[in-house]
Amino acid sequence: MPIDVDSEEWKKGRRLDPLEVHITDFLRHNDEQAFTLEEITDHIIEDEADALFLLDGVDEEQALEEVDEETYGLIKSRIAMKLEDLGWRNFIEWKVIGYEDDDIGTVYFTNSDKEPVSPLAKIQDVYPRKFSGIEEDIEDLADDVEELQYAVNNLRRENY
C-alpha cells in the first residue's frame, strides 16, 4: 500500500545504504575474525553483487570470474569508501597488521564493539549549543556598544 510523501511515516522514515547494510551484516556475523578489503570485496561480489546493483544480471556463483579488473577496482573503491565511513562512525574497527620497517602491512577490518557514533548527530547536538553561547555573547557586546554610543552622543550634545 503506498504512503503519502507528506505523511509523518515518510518524514520519519530512514534511508538505508544497502552496501553499508551488507558490509556490517557480514562483519557482525563474523565478528571473531578480521578481513582485508579484498576479502570483503570478494564476499560482496560473490554473494551480494546483483542485490546491490554492482553487477546487474551476473550469476553470483561465477561473479568473480566474470568481473574484469577495472570493474573489480571500481567495486573495491566503493567498498573502501564505505569502510572508511563506517570506521569513522565506530560501526567497524580497522588495524594494520604486519607493519614492519620495509613492509607497509595489510589493513584488516572487523565489527566494532564500541558505541556507534553519528558525526552529524554530534554536530547537531554539540556545536549549536556552542554557537548559541557565542551568539549570546555577541548580542551582549552589541548592547554594550549601543550604550557606549548613546553615552558618547550625549557627551557631544553637552559640549556643543
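These figures come from a predicted structure and were not determined experimentally.

Novice: Mind showing me how you'd approach the packing of aromatic side chains here?
Specialist: Two aromatic rings, taken as a pair, are described by how far apart their centres are and by the angle between their planes. In this structure the tally under the stated criterion is one aromatic pair. A ring pair is formed by Phe-26 and Phe-35, whose centres lie 4.7 Å apart and whose planes are at 45°; its orientation type is tilted. A residue is classified by how much of its surface remains accessible, and Phe-26, at 13% relative accessible area, is buried.

Novice: Before we go on, may I ask you to explain helix 5 (residues 69-88) in this structure?
Specialist: Since the α-helix turns once every 3.6 residues, residues separated by three or four places project in the same direction. The terminal C-alpha atoms of helix 5 lie 28 Å apart, and with 20 residues this matches the ideal 28 Å at 1.5 Å per residue to within 8%. Three or more residues of helix 5 are buried, namely Tyr-72, Ile-75, Ile-79, Lys-82, Leu-83, Leu-86 and Gly-87. Down the axis, helix 5 shows its buried residues gathered within 135° of arc, on one side only. Opposite the buried face of helix 5, at more than 90 degrees from it, the exposed residues are Glu-70, Leu-74, Met-81, Glu-84 and Trp-88. Positive phi shows up at Asn-90, right after helix 5, with a value of about 65°.

Novice: Quick question: what am I supposed to make of unusual backbone geometry here?
Specialist: Most peptide bonds take the trans configuration, and most residues that are not glycine carry a negative phi. Located in the positive-phi region is Asn-90, a residue other than glycine, with phi close to 65°. On the secondary structure map, Asn-90 appears in the loop between helix 5 and strand 2 (92-97). You can call Asn-90 partly exposed: its relative accessible area is 22%.

Novice: How do you make sense of the nonpolar core when you look at a structure like this?
Specialist: It is characteristic of soluble globular proteins that their nonpolar side chains tend to be buried jointly. Membership of the largest hydrophobic core comes to 17 residues, with the highest contact counts inside it found for Ile-23, Leu-27, Ile-40, Ile-79 and Leu-83. If you list the elements that add at least two residues to this core, you get helix 2 (18-29), helix 3 (37-48) and helix 5. Among the elements that make up this core, the one with the highest residue count is helix 5 (five residues). In this structure Leu-27 touches Phe-35, Ile-40, Ile-92, Phe-109, Thr-110 and Asn-111, once residues within four positions along its chain are discounted.

Novice: How should the side chain of Thr-36 be read in this particular structure?
Specialist: Along the polypeptide, Thr-36 turns up in strand 1 (residues 35-36). Ignoring any residue separated from it by four or fewer positions in sequence, one finds Thr-36 in contact with Thr-106, Val-107, Tyr-108 and Phe-109.

Novice: Help me understand the pattern of salt bridges in this model?
Specialist: Oppositely charged side chains are able to pair whenever their charged atoms sit close together. Summed over all chains, the structure comprises five salt bridges. Across the pair Lys-82 and Glu-20 runs a salt bridge whose closest N-O atoms are separated by 3.7 Å. Separated by 62 residues along the polypeptide, Lys-82 in helix 5 and Glu-20 in helix 2 bring together distant segments of the chain. The burial state of Lys-82 is the same as that of Glu-20; both residues are buried. When the shortest N-O distance is used, the salt bridge between Lys-76 and Glu-38 registers 2.7 Å. Of this pair, Lys-76 sits in helix 5 while Glu-38 sits in helix 3, and the two are 38 residues apart along the sequence. Of the residues examined, Lys-76 reaches a relative accessible area of 23% and is grouped as partly exposed. Given a relative accessible area of 34%, Glu-38 falls into the partly exposed group.

Novice: Would you take a moment to explain the confidence of the model for the chain for this structure?
Specialist: A low pLDDT means the predicted coordinates there should not be read in detail. When pLDDT is averaged along the chain, the result is 80, and 77% of the positions lie at 70 or above. When pLDDT is averaged over each element of the chain, strand 1 comes out on top at 96 and helix 4 (residues 63-66) at the bottom at 61.

The rules behind these values
- Position labels on residues start from 1 in each chain and follow its written sequence.
- Totals for whole chains, interfaces and linings use every residue, but because this is a predicted model, local features are given only for residues with pLDDT of at least 70 and side-chain atom pairs only at 80 or more, for both listing and counting.
- For side-chain calculations, the full set of non-hydrogen atoms in the structure is used, while hydrogens and water are omitted.
- Stacked, tilted and edge-to-face pairs are distinguished by plane angle, under 30 degrees for stacked and over 60 for edge-to-face with tilted covering the rest, among Phe, Tyr and Trp rings (Trp via its six-membered ring) whose centres lie within 6.5 Å.
- In this scheme, a residue with accessible area under 20% of its type's maximum is buried, one over 50% is exposed, and one in between is partly exposed, where area comes from a 1.4 Å probe on protein chains only.
- Numbered from the N terminus, helices here are DSSP runs of H or I no shorter than four residues, and strands are runs of E no shorter than two.
- For a helix, the expected span equals 1.5 Å multiplied by the residue count minus one.
- The reported arc concerns the directions from the helix axis to the C-beta atoms and nothing else.
- What makes a nonpolar core is a set of buried Ala, Val, Leu, Ile, Met, Phe, Trp, Tyr and Cys residues whose side-chain atoms join them at distances within 4.5 Å.
- Contacts were defined at the residue level, with two residues in contact if any of their heavy atoms lie within 4.5 Å.
- Here, a salt bridge means any Lys or Arg side-chain nitrogen found within 4 Å of an Asp or Glu carboxyl oxygen.
- Per residue, pLDDT measures the predictor's confidence, with a range of 0 to 100.

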